[in-house]
Amino acid sequence: MVDEALTDTGHRKPPSVLLLGAAHLDRIAVSSTPFRLGFSNPGRVVERLGGAAFNAALALKLFGSAATLVSACGGDDVAERVGAELDRFDVVDGRIAWLDRRSATYTALVDAGGDLVGGVADMEIYDRLTPRVLSRRHLLDRIAEADGVLVDANLPPAALEQLASLRPRRLGAIAVSPAKITRLPTILPKLSVLFASRVEIATLLSLHSDVGDADLVRSIRNGGLERAIVTDGPRSVLVVDADVALRQAPPMVAAVTDVVGAGDTLAGVAFGAWLDDRPFLDAVRLGLAAASLRISTGLDGSSAEAAAAIAASLPPPQFLQI
Ligand SMILES: Nc1ncnc2c1ncn2[C@@H]1O[C@H](COP(=O)(O)OP(=O)(O)O)[C@@H](O)[C@H]1O
Ligand SMILES: O=c1[nH]cc([C@@H]2O[C@H](COP(=O)(O)O)[C@@H](O)[C@H]2O)c(=O)[nH]1
């Protein structure tokens, strides 16, 4: 029998992932002393490319998947820089440009320990990714052909609903922020997996942020979600996979540079590994290892191998009877 997942050379074909969402410029201001809210803090500002879908796309690609990114950009230098970086990483560039508009930016304040103090998302341009714009024939074909589609909640609600109604083979979503996760409620039953932080999912499900695991797991299931990964910074993640619920500790990170992009990296790597037929928990453990590299050394061509070793040495999960 011919295995269609094999290429001419006998190697497995990498999973193909279509990502839809944000790709833009991040400005990250890191305080060099403990952050004093309401005051001026000494520090340094770094600029790098980011956006939830962009971060996930690069991570996916570095971990062996084929990635195509659909986003919105203006006619400016940021758009060119994003394009150059997608080329460099061999991510297929499916962005739609509005030449008379500005590309999006994200400005974050980070404290001396690498944690996020807060951020401002200037991202009006993503509202242009309407259902009509996303109905172009070649895009519909890409959605139908992809092994998985990963969206972020920067897309307007109507676009998210339309994508979900197209029934991609597997549909993952990245919550992005407490402000944007509120765009997801109507598509929850159509998601194969949701990646969210604890505060984001509590907002989505109208729960108190210190809700216990039993109530959280029940609410996730009652909300119609089949699978969810709930992150909580350095603390263990909650994994719900149909009727299995568990907690998995992430790797310890001694020196965090900044945590911006950790969740998207976890989402991209875990989604790609799952599409590559790994058991879901193994895919999550690999994603956690990738996130730990992203926030310490950064990701590069050697990260997939390094992450596999880190994932293998993680403590076993703790299964919850809920
Ligand atoms: N301070 C930290 N130390 C160790 N790991 C961290 C830290 N912050 C984040 N991580 C890792 O990144 C993952 C996502 O981080 P989190 O901050 O919860 O999400 P987001 O980046 O979406 O806000 C965590 O599950 C964990 O694996
Ligand atoms: O409304 C938004 N805020 C923030 C982001 C992006 O989220 C990323 C960080 O996400 P996290 O740390 O949750 O993985 C940054 O690159 C930032 O640009 C985004 O796409 N949309």
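This one's a predicted model, so the numbers in the text were calculated from it and none came from an experiment.

Conventions adopted
Residues numbered from 1 in each chain as written. Chains lettered and ligands numbered in written order. Predicted model: local features only at pLDDT ≥ 70, side-chain atom pairs only at ≥ 80, totals over all residues. Buried ≥ 20, exposed ≤ 12 C-beta atoms within 10 Å, placed from the backbone. Helix = DSSP H or I, 4+ residues; strand = E, 2+ residues; numbered from the N terminus. Arc of directions from axis to C-beta. Contact = placed C-beta atoms within 7 Å. Near = placed C-beta within 6 Å. Nonpolar A, V, L, I, M, F, W, Y, C, P; charged D, E, K, R; others polar. UniProt positions renumbered as here; feature names shortened; annotations may be inferred. Axes fitted to C-alpha atoms, helices over the stretch in contact; angles between N-to-C directions. Left-handed = near helix turned anticlockwise from the far one by under 90°.

Asker: Honestly, helix α4 (residues 157-165) in this entry has me stumped. Any pointers?
Answerer: Since one α-helical turn is 3.6 residues long, residues separated by three or four positions face the same way. For α4, the complete set of buried residues consists of A159, L160, L163 and A164. The arc that holds every buried residue of α4, seen down its axis, measures 135°, which confines them to one face. Summarising the contacts, the buried residues of α4 are in contact with β1 (16-20), β10 (148-152) and β11 (171-174). In the stretch just after α4, R167 is the one whose phi turns positive, near 50°.

Asker: What is the right way to read the site of ligand 2 from this model?
Answerer: A22, G50, Y106, A121 and G263 are the nearest of the 20 residues found near ligand 2. Looking at the shell around ligand 2, the elements with two or more residues in it are α1 (52-62) and α7 (262-275). Counting residues per element, the shell around ligand 2 draws most heavily on α7, which supplies 3 residues. In terms of residue class, the shell around ligand 2 is built from 9 nonpolar, 7 polar and 4 charged.

Asker: Which parts of the structure should I look at to understand the environment of K190?
Answerer: Within the fold, K190 resides in the loop between β11 and β12 (193-197). When the 19 C-beta atoms within 10 Å are taken as the criterion, K190 is described as partly exposed.

Asker: Can you walk me through the UniProt feature "domain: Carbohydrate kinase PfkB" (unreviewed entry) in the chain in this structure?
Answerer: UniProt's entry tags residues 18-304 with the feature "domain: Carbohydrate kinase PfkB" (unreviewed entry), counted in the numbering of this structure. Taken end to end, residues 18-304 is 31% helix and 26% strand, and its two terminal C-alpha atoms sit 20 Å from one another.

Asker: Would you take a moment to explain the packing of α7 against helix α8 (residues 280-294) for this structure?
Answerer: Packed helices, taken two at a time, are described by the angle their axes make and the gap between the axes. Orientation of α7 relative to α8, taken along the N-to-C sense of each, is 145°, at an axis distance of 7 Å. Like other packed secondary-structure pairs, α7 and α8 cross with a definite hand, here right-handed. Seen from α7, the contacting residues are A262, T265, L266, A267, V269, A270, A273 and W274; seen from α8, they are F280, D282, A283, V284, L286, G287, L288, A290, A291 and R294. Across the contact of α7 with α8, the residue classes break down as 14 nonpolar, 2 polar and 2 charged.

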